[in-house]
Amino acid sequence: MFRWAAVPFIRISLFLIVGILISRLVYFSFHWAWMAVLVSTFFLIPLLFKNLNQVWKGISFLLAIVCIGAFIQTERKIEPDDKLVDATQVFGIIDSYPMTLEDKSIYQLRIYSFHSDSSFVETHQYCRLTIAEENDIHLKYGDRILIDQSPSRIPPPHNPNAFDYAKYMANKNTYYQLWIRPANYKLINGGHGNPVLSKVYKLRSRFEQSIKRNVSSPEERAIALALLLGIKDELSPEVKQTFSKTGTMHVLAVSGLHVGIIYLLISMIFKNSNIGFLRIWLIPILSVFTIWIYALMTGFSASILRASIMFTLLIIAKAANIKTSTVNPIGLSAFILLMINPNNLFDVGFQLSFLAILGILVLYEPIHRLITPKYWITKTVWKVVCVSLAAQISTTPLSIYYFHQFPTLFLVSNLYVSVLINLLMGLGVLNTLLETFFNLTFLNSSFEWLLTLLYQGIKFINYIPYSNIEWLHISASQTIVSYLLISSLAVFLLTKQFKWLLIATSLCCVFSAESIILINQQKHKQQIVLYSDYKHKIIDQIHGFDAKLYSYDSLNSTRFIKSQVNPNRLSLDLPKAQINTYLNAKNYLLPNNNYGFIISGKRFIVMNSNHSVPTESPIKTCYLIISNIRKVRLEELEKKYSFQRLIIDSLQDNSYETIEISKRERI
């Protein structure tokens, strides 16, 4: 039977999360001294009132944890420096390993000073630094550089429900971006990074070059880099999509599986050692050291940090002969990671990683007890199936919420991957370590052959009809209800208490009721949505569950529709978007190079030019859309057009601020 007393750090981590969320929703300005007084008060209550009930002592302690969570979230948050966008010069240090995407390299730049208004200002901001490959600029971790250019704020999304990259980067305390060329930057000197990280990044670069030399196929090379070093820069969209649709993307995210294999390799090397010193001290120390070097090399992602902390705690407990719950180290690792960086809580990798391991630890045994295989092979297969089922159950709601798909053949793909992954990791690590000293042609060819076998097998599973269900959508509240439902069913399986089954049934009704409400709201919804970016302008006519798309440019806008239109369509439970009508056809083109069209009896005019053909009276329209015009005056518009509502493209500059708010609507 599950007991809360056995997992104190699960409780502590949950209340730390509550504090972080409270601080996120309601802004607090804590002074560290007042916070110290508040936390100390909650900690001292049980000591001052010794006759206090144990429950109240526990509540007092957990309230102190909530306060700590709120405090660290407030203190660790870096607020943007508004003066930075007016800087003439920026001084910064390269603070990350380079990430290569298509034809550009991306770095994290830590800005420590900038020049503005004839003075130097100290600051502490992070910036996304992008360098086009054609510029032939190669920077290293720890390089100090001077940039004769001001950063710009990362813009919010221009269209409803599109991916909010600004919010994503804000969770990493990064609000600015810079594109540089050779003419506007200068390398001052190097060696300003952490010396340990500098050595590790050099080692990582050496291993990266080794893999690139030994694996010739681009696709297999990209998979090897992701599998062994967590470098996903070279993964093509096709490769990512193939692994994602088959439910095996976790293989390419360095996590507990990889750390476990490394620990297993070290244990196998010293398996037959009879020296007590080796068994008690050397193997644990070597294992912990290797795990953390590997974590540094692979970029310190949330999943690898969680796994490294967990394995470190378990290795120490085993060496010290301390009996502990397997669930408790998860809580402790979550607590440590959130104390270091509370924004980890909002990282998708962090969320999925902890949910997967919790699901395995809690659900594996109840599922495993359902069937008792007789033979070794069936027992082994059943164990893999149970692990896959437990992990999939615990991550499915969040995966659907973020990625809107479900791999129906996840059991087949994970069974296939589990056969190859141990061999690949073992061969890959061995080959990379020994390649410097020996010419291991056999190992190289075997490693590449296994990579090909892995990728081609996953591709085959992906091509099977109905191997993946796409275009799924659940709301944030439905995601929470789903996890409450899974938790209730898990408790029922563990305790066999009927009340938990009743709670699960009630939660199913809540989930269904919300779905019915959302469907009913959408059924009566009528909208006209304008989507835009710097190249495309698209109008979406929505009537309940029917929608029609209009484009008034002739450019190929498939990518724009996928990234900007479809997210909003998905949130409204509408079908995927396709261009139904081009509005720049001759029957829509006006003499003044503007467009006029009618949707649902409403007249639209898209104004692309200030120059218009003189008319005796203003042209009447329901909606006037201003697009791609730098300057315009309201008085001039009213002379040329008679409109009910003025819609200003969201990409226009601030010159439109002179137009009366009551007369316009920004979309």
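Right above here is the structure, for reference.
Residues numbered from 1 in each chain as written. Predicted model: local features only at pLDDT ≥ 70, side-chain atom pairs only at ≥ 80, totals over all residues. Heavy atoms only, no water.

1. Regarding the side chain of R306
The criterion, for reference: Secondary structure elements follow DSSP: runs of H or I no shorter than four residues count as helices, runs of E no shorter than two count as strands, and numbering proceeds from the N terminus. Contacts between residues were defined by any pair of non-hydrogen atoms, one from each residue, lying within 4.5 Å.
With respect to the helices and strands, the residue R306 is situated in helix α10 (residues 302-319). Non-local contacts of R306, meaning those with residues more than four positions away in its chain, are made with G256, S333, L337, S353, F354 and I357.

2. A few points about the packing of helix α5 (residues 195-214) against helix α6 (residues 218-229)
In a packed pair of helices, the relevant descriptors are the angle between the two axes and the axis-to-axis distance. Going by this rule: To obtain an axis, a line is fitted to C-alpha atoms, over the contacting stretch when the element is a helix, and the angle between two such axes runs from 0 to 180 degrees between their N-to-C directions. Oblique is the label for any angle not covered by the other classes, which are roughly parallel (under 35 degrees), roughly antiparallel (over 145) and roughly perpendicular (65 to 115). Helix crossings fall into two classes, left-handed where the near helix is turned counterclockwise from the far one by less than a right angle and right-handed where it is turned clockwise. In this classification, Asp, Glu, Lys and Arg are treated as charged, Ala, Val, Leu, Ile, Met, Phe, Trp, Tyr, Cys and Pro as nonpolar, and every other residue, Gly included, as polar.
Orientation of α5 relative to α6, taken along the N-to-C sense of each, is 150 degrees, at an axis distance of 10 Å. Taken together, the axis directions place α5 and α6 in an arrangement best described as roughly antiparallel. Pair α5 / α6 crosses with right-handed handedness. Across from R204, F207, E208, I211 and K212 in α5, the residues of α6 making contact are R221, A224, L225, L228 and L229. Along the lines of polarity and charge, the residues of the contact of α5 with α6 split into six nonpolar, no polar and four charged.

3. Section: unusual backbone geometry
Here the phi dihedral of N161 falls at roughly 65 degrees; this positive angle occurs in a residue that is not glycine. Along the chain, N161 falls in the loop between β6 (152-153) and α4 (165-170). At K496, a position not held by glycine, the phi torsion is positive, near 60 degrees. If you trace the backbone, K496 turns up in the loop between α16 (476-495) and α17 (498-523).

4. Focus: α5
What counts, and what does not: Helix span, as expected, comes to 1.5 Å for every residue beyond the first. The buried label goes to any residue with under 20% of its type's maximum accessible area, the exposed label to any with over 50%, and the partly exposed label to all in between, with areas taken from a 1.4 Å probe on protein chains only. Nitrogen and oxygen atoms within 3.5 Å of one another constitute a polar contact, given that in protein one can donate a hydrogen and the other can accept it, and given that sequence-neighbouring residues count only through two side-chain atoms.
Compared with an ideal rise of 1.5 Å per residue, which puts 20 residues at 28 Å, α5 spans 29 Å between its outermost C-alpha atoms and is within 8% of the ideal. Buried within α5 are the following residues: V200, Y201, R204, F207, E208, S210, I211 and N214. Where α5 begins, one side-chain oxygen reaches toward the backbone nitrogen of V196, 2.8 Å away; that side chain belongs to N194.

5. So, a negative patch on the surface
What counts here: A patch consists of residues exposed above 30% relative accessible area that lack any salt bridge, with like charges linked at up to 9 Å and nonpolar side chains (Val, Leu, Ile, Met, Phe, Trp, Tyr) linked at up to 5 Å. Residue exposure ignores everything except the shown protein chains as possible cover, and the areas themselves are Shrake-Rupley values with a 1.4 Å probe. Salt bridge, as used here: a side-chain nitrogen of Lys or Arg that lies within 4 Å of a carboxyl oxygen of Asp or Glu. In this count, Lys and Arg are taken as positive residues and Asp and Glu as negative ones, while His and the chain termini are left out. Note that the charge is assigned to NZ on lysines, CZ on arginines, CG on aspartates and CD on glutamates.
A cluster of like negative charges, contributed by E102, D103, E133, E134 and D136, occupies part of the molecular surface. If you trace the backbone, D103 turns up in the loop between β2 (99-101) and β3 (104-116). A relative accessible area of 47% places D103 in the partly exposed class.

6. Focus: the side chain of E220
In this fold, E220 is placed in helix α6. Notably, E220 is buried but unbridged: the nearest opposite-charge side chain belongs to K459, and the N-O separation is 7.7 Å. Among the polar contacts made by the side chain of E220, one reaches the side chain of S217 at a distance of 2.3 Å. Excluding anything up to four places from it in sequence, E220 contacts V215, E448, L451, T452, Y455 and Q456.

7. Section: the packing of aromatic side chains
So the rule is basically this: Any Phe, Tyr or Trp ring, taking Trp's six-membered ring, that has another such ring centre within 6.5 Å forms a pair; planes under 30 degrees apart are called stacked, those over 60 apart edge-to-face, and the others tilted. Only when the NZ of Lys or the CZ of Arg is both within 6 Å of the ring centre and within 35 degrees of the ring normal is a charge said to sit over the ring.
Within this structure, the stated rule accounts for 16 aromatic pairs. Between the aromatic rings of Y401 and Y402, the centroid separation amounts to 5.2 Å while the plane-to-plane angle is 70 degrees, which identifies the pairing as edge-to-face. The class of Y401 is partly exposed, set by a relative accessible area of 30%. On the accessibility criterion, Y402 (30% relative accessible area) is partly exposed. Ring centres 6.2 Å apart and planes at 50 degrees place the aromatic pair Y402 and F403 in the tilted group. You can call F403 partly exposed: its relative accessible area is 44%. Pairwise contacts between aromatic rings join F91, Y112 and F120 into one cluster. The ring of F346 is capped by R24, whose NZ or CZ atom sits 3.9 Å from the centre of that ring.

8. A few points about the nonpolar core
As a reminder, the rule being used: What we call a nonpolar core is a set of buried Ala, Val, Leu, Ile, Met, Phe, Trp, Tyr and Cys residues that are connected through their side-chain atoms within 4.5 Å.
By size, the foremost hydrophobic cluster in this structure holds 48 residues, and its most contacted members are I223, L229, F243, L424, F447 and L454. With eight residues, α6 is the largest single contributor of residues to this core. Leaving out residues up to four positions away in the same chain, L229 has contacts with R204, F207, E208, I211, A224, V254, M297 and T298. If you look at the next biggest cluster of nonpolar residues, it comprises 20 residues, including I12, I68, A302 and F350.

9. Describing the pattern of salt bridges
All told, the structure shown has six salt bridges when counted by the stated rule. Note that E208 is salt-bridged to K212, the shortest N-O span being 3.1 Å. You can see E208 and its partner K212 sitting in helix α5, four residues apart, about one turn around the helix. With a relative accessible area of 10%, E208 lands in the buried category.

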